[in-house]
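As a plain string of letters, each chain reads:
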Amino acid sequence: MKNLLVLFAMLTLSASGFAGNVLNGKVTGVIDGNTFEMLTEDNESYKIMLYGIDCPELGQEFSDKAKKSLEKMILNKKVTVNIQGKDRWGNRLGIALIEGTIDPRYDLLEAGLAWTAERDPIQELETIKEKAREKGKGLWKEQDPTPPWIYRRQRTLTQLKSS
């Protein structure tokens with residue numbers, strides 16, 4: 001009996017841990033090209049960053065277009081988000097599926113409105129990005145567009161110097 005209780009406790013803990021990795025709800029706001037807010041079925045609010053891509057930062061060329069594109073795709077729609085972890089600032093990183101089937105990362109990459117992640121890019125996403133680059137779509141119209149992680153570092157350095 002004791003073994004059964006231990007087994008039941010382990011299954012319950014692992015099931016609840018897994019359930020915490022998937023969120024279902026409605027998108028209530030879009031912050032930028034790869035970040036949105038959602039309200040879950042349990043009435044909890046979450047900020048989610050799309051896993052594996054990075055869109056231009058606000059103030060960077062194509063940032064408005066990326067944000068508007070994500071808004072058009074996802075705002076006020078039902079999403080399922082598979083949480084992949086957190087970034088170094090504690091932001092939740094997730095793979096979102098709109099109404100169970102549409103992954104907005106693909107559309108953003110195909111339109112040339114996103115880079116793949118700086119570190120360990122996902123090969124499938126990298127292939128989509130490279131096709132957009134070859135076709136000169138979106139930000140790839142520029143000769144050498146500045147990736148958002150470089151833009152953030154440059155801004156941080158500038159802010160430190162002016163302090």
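First, a word on scope: everything that follows refers to the structure included in this document. (Residues numbered from 1 in each chain as written. Predicted model: local features only at pLDDT ≥ 70, side-chain atom pairs only at ≥ 80, totals over all residues. Heavy atoms only, no water.)

**Focus: the pattern of salt bridges**
According to the stated counting rule, one finds seven salt bridges in the structure shown. One salt bridge in this structure joins Glu-130 and Lys-129, with 3.2 Å as the shortest N-O distance. Of the charged contacts, one joins Glu-130 and Arg-133 as a salt bridge, the two residues approaching to 3.4 Å between their closest N and O atoms. Here Glu-130 and its partner Arg-133 are both found in helix α4 (residues 123-135), three residues apart, which amounts to about one turn of the helix. On the basis of relative accessibility, which here comes to 39%, the residue Arg-133 falls in the partly exposed class. The network of salt bridges with common partners includes Glu-126, Lys-129, Glu-130 and Arg-133. (Salt bridge = Lys/Arg side-chain N within 4 Å of Asp/Glu carboxyl O. Helix = DSSP H or I, 4+ residues; strand = E, 2+ residues; numbered from the N terminus. Buried < 20%, exposed > 50% of the residue type's maximum accessible area, 1.4 Å probe, protein only.)

**A short note on the side chain of Asn-34**
Looking at where Asn-34 falls in the secondary structure, it is placed in the loop between β1 (22-32) and β2 (35-40). Looking at Asn-34, its side chain comes within polar contact range of the main-chain nitrogen of Cys-55, at 3.1 Å. In contact with Asn-34, other than residues within four places in its own chain, are Ile-48, Met-49, Leu-50, Ile-53, Asp-54, Cys-55 and Leu-70. (Polar contact = N/O pair within 3.5 Å; in protein donor to acceptor, adjacent residues only side chain to side chain. Contact = heavy atoms within 4.5 Å.)

**What about the packing of aromatic side chains?**
In the structure shown here, the tally under the stated rule is two aromatic pairs. Arranged with centres 5.6 Å apart and planes meeting at 65°, the rings of Trp-115 and Trp-140 form a pair that is edge-to-face. In this pair, Trp-115 is assigned in strand β7 (residues 115-116) and Trp-140 in the loop between α4 and α5 (148-162), connecting sequence segments 25 residues apart. Note on Trp-115 and Trp-149: the rings are 6.4 Å apart at their centroids and 70° apart in plane angle, and the pair reads as edge-to-face. With Trp-115 in strand β7 and Trp-149 in helix α5, this pair connects stretches of sequence that are 34 residues apart. Both residues of the pair, Trp-115 and Trp-149, count as buried. Each residue in the set Trp-115, Trp-140 and Trp-149 is aromatic and connected to the rest through ring pairs, giving one cluster. (Phe/Tyr/Trp six-rings, centres within 6.5 Å; stacked < 30°, edge-to-face > 60°.)

**Notes on unusual backbone geometry**
Most peptide bonds take the trans configuration, and most residues that are not glycine carry a negative phi. A positive phi angle, close to 75°, is found at Phe-62, a residue other than glycine. Looking at the element boundaries, Phe-62 is found in the loop between β4 (53-54) and α2 (63-74). With a phi angle near 50°, Asp-120 is a residue other than glycine that sits in the positive phi range. By secondary structure assignment, the location of Asp-120 is in the loop between β7 and α4.

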